[in-house]
Amino acid sequence: VPKSRSSRIVVISSVSGLFPVPYRTVYCASKHALAGFARSLRIELRDTYGADRAPAVQLINFPEVAGTDLNQGRMTFGAARPPAEFITGGNENNNLLSVQEACLCLMRQIELGTEEWGHALKHSLLVAIGLVFATLSDAMILKYVKRTHIRPDQTQQK
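What you see is a predicted model; the values in this text were computed from it and never measured. (Residues numbered from 1 in each chain as written. Predicted model: local features only at pLDDT ≥ 70, side-chain atom pairs only at ≥ 80, totals over all residues. Heavy atoms only, no water.)

Asker: I keep staring at the pairing of strand β2 (residues 56-61) and nothing clicks. Help me out?
Answerer: A regular strand places its side chains on the two faces of the sheet in alternate fashion. Of all six residues in β2, six are buried; the element is thus mostly enclosed. Neither face of β2 is open: one carries A56, Q58 and I60, the other V57, L59 and N61, and all of them are buried. With six bridges connecting them, strand β1 (residues 8-13) and β2 associate as parallel partners. When the sheet's bridge partners are listed, I9 is paired in β2 with V57. In this view, the connection linking β1 to its parallel neighbour β2 by way of helix α1 (residues 25-49) has right-handed handedness. For β2 and strand β4 (residues 116-117), the ladder comprises two bridges, and the chain directions are parallel. From the neighbouring strand, I60 faces β4, where its bridge partner is W117. (Buried < 20%, exposed > 50% of the residue type's maximum accessible area, 1.4 Å probe, protein only. Helix = DSSP H or I, 4+ residues; strand = E, 2+ residues; numbered from the N terminus. Pairing = 2+ DSSP bridges. Right-handed = clockwise from strand over helix to strand, strands pointing away.)

Asker: Is there a simple way to think about the side chain of K31 in this case?
Answerer: Tracing the sequence through the fold places K31 in helix α1. The side chain of K31 is buried and forms no salt bridge, while E116, the nearest opposite charge, is found at 14 Å. (Lys, Arg positive; Asp, Glu negative; His and termini not counted. Salt bridge = Lys/Arg side-chain N within 4 Å of Asp/Glu carboxyl O.)

Asker: I keep staring at the sheet that holds β2 and nothing clicks. Help me out?
Answerer: The strands making up a sheet are joined through hydrogen bonds of the backbone, oriented either antiparallel or parallel. Read across the sheet, three strands follow the order β1-β2-β4 without closing on themselves; strand pairing throughout is parallel. Taken across any chain shown, the strands that pair with only one partner, and hence form the sheet edges, are β1 and β4. The sheet contacts of helix α2 (residues 99-112) involve β1, β2 and β4, and relative to β1 the element is tilted by about 145°. (Contact = heavy atoms within 4.5 Å. Axes fitted to C-alpha atoms, helices over the stretch in contact; angles between N-to-C directions.)

This is the structure:
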């Protein structure tokens, strides 16, 4: 491990590592693991090398971007209903970043050494609500997912 504050260890993850996401259990679990890994490594390196010499460990929750097929074509593994997919190309506010804008933001945060980046204030608030009111948080998450996700078999019914 490089022993310089200007060094970077960048872990690319997703906001799915901050809170539960229904119908994305395995994906969500892997992102929670990445978040735990990055946060633990950050603490270990600071303890081992000192805060002024330890490399920056950055957890980047890459934002949802417009105009990609990133969430299309999930494997069903024989399930009767396929897993949920994001509705891409825009959200209710149509304020998704383009891939290029997201990458420029990501590179800027890496240069700055930002410890964690990529989640909006609403995500932080949802995490806080989840710590205090788990049932309310679960209901809010499920309502959002049902509003912003589709199951491929539902598109044929509309």
